[in-house]
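Per-entry structural report
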Amino acid sequence: MLQNWGLLLVLIACSVLSDCKVTNRHDVRKFPDKFKFGAATASYQVEGAWDEDGKTESIWDHLTHQVPSPIKDGSTGDIADDSYHQIERDVEIMRELGLDFYRFSLSWPRIMPTAFPDQINEAGVQYYNNLIDEMLKYNIQPMVTLYHWDLPQKLQEMGGWTNPHIVDWYADYARVVFGLFGDRVKNFITINEPREICYHGLESGMLAPAFKIEGIAHYMCTKYLLLAHAKAYHIYDKEFRPTQGGNIFITLSARWHEPDSEAHELAAHETRLFEWGQYAHPIFSETGDFPQIMKDRIAAKSAEQGFFRSRLPEFTPEEVEFVKGTSDFFGLNHYSTSLVYRNETAVGYHASPSYYDDIEVVLYDKPEWVISIAGATTMTKSVPWGFYKLLTNIRETYNNPTVYICENGFATHGGLDDYDRVDYYRTYLDAMLDAIDEGSDIAAYTAWSLMDNFEWGQGYTQRFGLYEVDYEDPARTRTPRKSAYVYKEIVRSRALDFHYEPDTTLMTIDEGHYVLIACSVLSDCKVANNRHDVRKFPDKFKFGAATASYQVEGAWDEDGKSESIWDHLTHQVPSPIKDGSTGDIADDSYHQIERDVEIMRELGLDFYRFSLSWTRIMPTAFPDQINEAGVQYYNNLIDEMLKYNIQPMVTLYHWDLPQKLQEMGGWTNPHIVDWYADYARVVFGLFGDRVKNFITINEPREICYFGHESGDLAPAIKIQGIAHYMCTKYVLLAHAKAYHIYDKEFRPTQGGNIFITLSAAWYEPDSEDHEQAAYEATMFEWGQYAHPIFSETGDFPQIMKERIAAKSAEQGFFRSRLPEFTPEEVEFVKGTSDFFGLNHYSTSLVYRNETAVGYHASPSYFDDIEVLFYSKPEWVTSIAGATTMTTSVPWGFYKLLTNIRETYNNPTVYICENGFATHGGLDDYDRVDYYRTYLDAMLDAIDEGSDIAAYTAWSLMDNFEWAQGYTQRFGLYEVDYEDPARTRTPRKSAYVYKEIVRSRALDFHYEPDTTVMTIDEGH
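Structure report, in brief. Predicted model only: the values in this text are computed from it and were never measured.

Things to note about the overall build of the protein chain
- Across its full length, the protein chain carries 33 helices and 30 strands.
- Here the C-alpha radius of gyration of the protein chain, 34 Å, is about what a compact globule of 1019 residues would show, namely 31 Å.
- With the principal axes as the frame, the protein chain shows a C-alpha extent of 110 × 70 × 50 Å.
- With 1019 residues in all, the protein chain has 64% of them scored as buried.
- In the protein chain, 76% of the contacts between residues at least 6 apart in sequence involve partners at least 24 apart.
- Here the protein chain has roughly 36600 Å² of accessible surface; of this, 50% comes from carbon and sulfur atoms.
- Side-chain charges of the protein chain comprise 89 positive and 154 negative groups, with the mean position of each set lying 2 Å from the other.

A look at the sheet that holds strand β19 (residues 647-653)
- Taken together, eight strands build a closed barrel; the order of strands is β17-β18-β19-β20-β21-β23-β26-β27 and the barrel is parallel. Each neighbouring strand pair of the sheet contributes to a mean axis angle of 25°, computed without reference to strand direction.
- Both strand β21 (residues 753-759) and strand β23 (residues 836-839) contribute to a ladder of four bridges, which runs parallel. Pairing of T757 across the sheet is with G837, part of β23.
- Together, β18 (607-611) and β19 form the strand contacts of helix α22 (residues 628-643), whose direction differs from that of β18 by roughly 170°.
- Against the sheet, helix α27 (residues 771-790) engages β21 and β23, with an angle of about 155° to β21.

What about the state of the cysteines?
- Tallying each qualifying case throughout the model produces two disulfides.
- Across a sulfur-sulfur distance of 2.0 Å, C198 and C221 are joined as a disulfide pair. Given an S-S torsion of about -70°, the disulfide between C198 and C221 has left-handed geometry. Linking C198 in helix α9 (residues 194-202) with C221 in helix α10 (residues 217-244), this pair joins segments that are 23 residues apart in sequence.
- Here C704 pairs with C727 through a disulfide, and the sulfurs are 2.1 Å apart. Judged by the sign of its S-S torsion, about -70°, the bond between C704 and C727 is left-handed. Of this pair, C704 sits in helix α25 (residues 700-708) while C727 sits in helix α26 (residues 723-750); the two residues are 23 residues apart in sequence, bridging distant segments of the chain.
- Exposure remark for C727: the relative accessible area of 0% places this residue in the buried category.
- The thiol of C406 is unpaired, and the distance to the nearest cysteine sulfur, on C198, comes to 18 Å.

Describing the packing of aromatic side chains
- For the structure shown, the criterion picks out 105 aromatic pairs.
- Relative to Y404, the ring of F329 lies with its centre 4.1 Å away and its plane at 5°, an arrangement referred to as stacked. You can see F329 sitting in the loop between α13 (317-323) and β8 (330-333) and its partner Y404 sitting in strand β11 (residues 403-408), a full 75 residues away along the chain. Comparing F329 with Y404 shows no difference in burial state: the two are buried.

Some thoughts on the sheet that holds strand β6 (residues 247-253)
- Taken in spatial order, the eight strands of this closed barrel run β2-β3-β4-β5-β6-β8-β11-β12, and their pairing is parallel. If you compare each strand with its neighbour and ignore which way they point, the axes differ by 25° on average.
- Bridge count between β11 and strand β12 (residues 442-448): four bridges; the pairing is parallel. Residue V403 lies in a different strand from β12, and its bridge partner there is I442.
- Sheet strands touched by α9: β4 (141-147), β5 (187-192) and β6. Its angle to β6, the strand with the most contacts, is close to 45°.
- Strand contacts of helix α17 (residues 482-493): β2 (36-40) and β12, with the helix running at about 150° to β2, the strand carrying the most contacts.

Considering the side chain of D587
- Note that D587 resides in the loop between α19 (565-570) and α20 (593-603).
- No salt bridge is formed by the buried D587; the nearest opposite charge belongs to R984, separated by 5.1 Å.
- Once you skip the residues sitting within four places of it in the chain, D587 turns out to touch Q551, V552, Q592, M957, D958, N959, V975, Y977, R982 and R984.

Here's the deal with the packing of helix α31 (residues 890-903) against helix α32 (residues 925-943)
- Contact geometry for α31 and α32: axes closest at 8 Å, N-to-C directions at 30°. Overall, the two elements α31 and α32 adopt an arrangement that is roughly parallel. The handedness of the crossing between α31 and α32 comes out as right-handed. Contact residues: α31 offers P890, F893, Y894, L897 and R901, while α32 offers T933, Y934, A937, M938, D940 and A941.
- Residue classes in the contact of α31 with α32 are distributed as eight nonpolar, one polar and two charged.

Side note on helix α4 (residues 87-97)
- The buried fraction of α4 is high, at nine of 11 residues.
- Listing the buried residues of α4 in full gives I87, R89, D90, V91, I93, M94, R95, E96 and L97.
- Contacts made by the buried residues of α4 are with β3 (101-105), α6 (122-137), β13 (467-469), β14 (478-480) and α17.
- Backbone geometry just after α4 places G98 at a positive phi near 75°.

Regarding the pattern of salt bridges
- In this structure the tally under the stated criterion is 74 salt bridges.
- Of the charged contacts in the structure, one is a salt bridge between R616 and E553, with a shortest N-O distance of 2.8 Å. Taken together, the residues span a long stretch of sequence, with R616 in helix α21 (residues 614-617) and E553 in the loop between α18 (549-552) and α19 at a distance of 63 residues. In terms of burial, R616 and E553 fall into one category: buried.

Focus on α26
- Of all the bends in α26, the greatest, near 45°, is centred on D743.
- With 21 of 28 residues buried, α26 is to be regarded as a mostly interior element.
- Where α26 terminates, the next one or two residues include G751, which has phi positive at roughly 70°.

A look at the pairing of β11
- Counting buried positions along β11 yields six of six residues, so the element is predominantly enclosed.
- Pairing of β8 with β11, which is carried by four bridges, proceeds in the parallel orientation. When the bridges of β11 are listed, G331 appears paired with Y404.
- Taken together, β11, helix α16 (residues 419-437) and β12 form a β-α-β motif whose crossover is right-handed.

Focus on the environment of S767
- Among the structural elements, S767 can be located in the loop between β22 (762-765) and α27.
- Under the relative-accessibility criterion, S767 is labelled partly exposed at 30%.
- Distance from S767 to T326, taken between C-alpha atoms, is 33 Å for residues 441 residues apart in sequence.

A short note on the packing of α4 against α6
- Relative orientation of the contacting elements α4 and α6 amounts to 30°, with a least axis distance of 10 Å. Taken together, the axes of α4 and α6 are roughly parallel relative to one another. Of the two possible hands of crossing, α4 and α6 adopt the one that is right-handed. Residues I87, E88, V91 and M94 of α4 form the contact with α6, whose own contacting residues are Y127, N130, L131, E134 and M135.
- A per-class count over the contact of α4 with α6 returns six nonpolar, one polar and two charged.

Each value, and the rule that gives it
- Residues numbered from 1 in each chain as written.
- Predicted model: local features only at pLDDT ≥ 70, side-chain atom pairs only at ≥ 80, totals over all residues.
- Heavy atoms only, no water.
- Helix = DSSP H or I, 4+ residues; strand = E, 2+ residues; numbered from the N terminus.
- Rg over C-alpha atoms; globule rule 2.2 N^0.38 Å.
- Buried < 20%, exposed > 50% of the residue type's maximum accessible area, 1.4 Å probe, protein only.
- Contact = heavy atoms within 4.5 Å.
- Areas by Shrake-Rupley, 256 points an atom, 1.4 Å probe, with all protein chains shown as cover.
- Lys, Arg positive; Asp, Glu negative; His and termini not counted.
- Charge placed at Lys NZ, Arg CZ, Asp CG, Glu CD.
- Pairing = 2+ DSSP bridges.
- Axes fitted to C-alpha atoms, helices over the stretch in contact; angles between N-to-C directions.
- Disulfide = S-S within 2.5 Å.
- Phe/Tyr/Trp six-rings, centres within 6.5 Å; stacked < 30°, edge-to-face > 60°.
- Salt bridge = Lys/Arg side-chain N within 4 Å of Asp/Glu carboxyl O.
- Parallel < 35°, antiparallel > 145°, perpendicular 65-115°, else oblique.
- Left-handed = near helix turned anticlockwise from the far one by under 90°.
- Nonpolar A, V, L, I, M, F, W, Y, C, P; charged D, E, K, R; others polar.
- Bend = angle between axes of the 7 residues up to and from the residue.
- Right-handed = clockwise from strand over helix to strand, strands pointing away.

Remember, this is a structural readout, not a statement about activity or role.
Below, the structure is given as structure tokens:
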């Protein structure tokens, strides 16, 4: 029976009134080269989160919250499709369809809560940045509508679109939008469907703000809307297009108006000019201005009705020129067709004054235009020949502008087997191809809509989506309809085949929607590398992964281990840790050597970087007692790794100082230089026969600043502007002493390497005016550790010495708060690292102005620097599961590596940590993207001469993330902390990293089979 219906539906009879084309439905028709396909939604209809994160009330929020509700089913868009929280899934369905672009709109009150540019809502901006970036990552272009009906309620209370000031209000909003998003958005739509805004919002009252000021407000709205559009166009054209290079246009709704008979040709012509010509003519005609028939008719009617002037506000000659030509494309939304007649019954048929009284026609539809399959509604009719005639009319009337079809679709009551919608799309696309064949310049087609949504006054009773949304499910599950599969095939094949029958059992993502990373507008990043290219790593380049003792070992007091400063801190009551957790068990690595090495083998690692617990090896903190059980644990781990050709890279100190030493001042006591040196000598003697890469100290900045200035890390001391600098000097001297011990006493027989690992962000100046501020921030933040070791002169950076000395004197200190190095100490520290160990995660922007003075407590480290730091909200990855702890700014990594090369004579760099935090989950697309783009940036630096020899992913597996506890997950492997066995499960990133290590290549297209993890030959 369904097959008979299909045959019936495919053969759509032409109206007796139309001169429609008859195409053989057995032919497969191709779309033009470069033709683009997309789908669309609008902010209020899908986003939800109506009052979250600083968003204020729109006219649609205001309307739908009225009692009684004016909405057919009493619903609202408060939650809608919950797209505000579902970026990843929304982009996933775009990828499933293979879309070239996605058209969505911005919520004005989400971006500008006051409606004015005095306050920009960063959370709202971040949402759109995240959405845009997620799309671009998969080569889906954003087509962004600035205004799709959700005006800030505050502006409505001042008259909204009937107030001439809205031209400036909207222009201000547009300028903000272009500045925020124009670096990545190359197609802006100023305003969606002026007719619906003005007629249905202010004349019929069917849409917000639901006014019925007939024959007046509608026309006021039309004029100011067109002027607002034009002003936004000119702002973009003059201020932004030269650098952003995009397009900007308006989208008009237009039905085809067919004369009931030849006698009503004029009536139909005039209807077209009133219904959509009043918006098209001022922009697209050669003369500009409103259609003459409108001006004449409304002026005459107004005079008859007793008005002193026409109800249609005039454009001045300057305004005519200002509006004319202000659209790069003809944006067209089309759904159906009406028949038109004018006879004596039309006179007095409509209220007077009113819009339809001014037109003085009667419109109607044919009953047979309603598709009769169960599920279809009467909201949209199927009249494809009307679409063909409309497109032809636009070509002939407006000199064949490039047309972007921005909405076309069909409403049902729901259901997945939407044969009616399939037929509608096929026959309308067929009609569009007829117009193209005859010369119409049509460049893009947009299906309305990507998914079901809040359909304005109809609520959720009308469903337009290619994907069905389950509004009974809090997750708002999206499920593809048959039309989605058919549309996917049209997009894939670039062809229209009426015979195609899809397999609707499984929706997949085809090739071509993989990660593409856009460069930040602030960066001078390289863009030469095509993400479709596979990039090879240098010969002998090494890959590893890392952890640290306190973060993974557990067994905090087993087998003779004594208390560290992290044991001490995490056992305090109340707990200073975010989730109240400890590292008492952590990943239980102390009892899981075999499994830990097994996952190294699964990944194919060249090396594994881990740290030693000082208190596990030397329980008294001194060499008077060596704990054999602790030594055996590390020997077993090292031997198990070497058995499978995985080299150990051993960090002597990764923050877990013996508590006993802390009670004597820890890193602020000069004696720690000797204490640490004694520990280092023991370690070299115990393990140096097999360990060929030792790291003395991990991240001095975190030890000294976060441990002694901010108090965020153990020992959680806050002695600002003093203890930090003391720690820095003694860490560097301790490192240098350990280096010299190894170099003189152990290297001759062991033949290994020893180096320090520094944490370093990239500090980008906010503008050229802040270059010096960024340079000084670099010198303070990590230059204070790098300069004494890697520079030709040694010692602390000069700017540090001078600034802190001057500030100290001003503050009344008798000497500088920065302890000096003696000339002998300068020479002792200089050159004490075989490699430049680098831990890098992200980038900060830096500026210095009058607000920086006195901004920080005095004395303090940041008061000494006297700069301010910030990150861009769009640097936070938006995929579900990502955290704000790490941001993705790969161009900063490239700049950092370049700076190290140029500043310190191109030392050999070992990247000892680089990674990305999430809240958990196995499908960590965000981490995959982070690793790929950062490795890509690293290869850029290598290509330009940077000597980079190794890369270490942080981390091998989830672990205790210091003050964040277990709330931040960095692991390639997920650890189940609810399971006593602490099961390790590979994430997607593990499979991707495994392939990078195996192939020695970076391939953005690689998609792993994540069903099984294996161990390759060689491990």
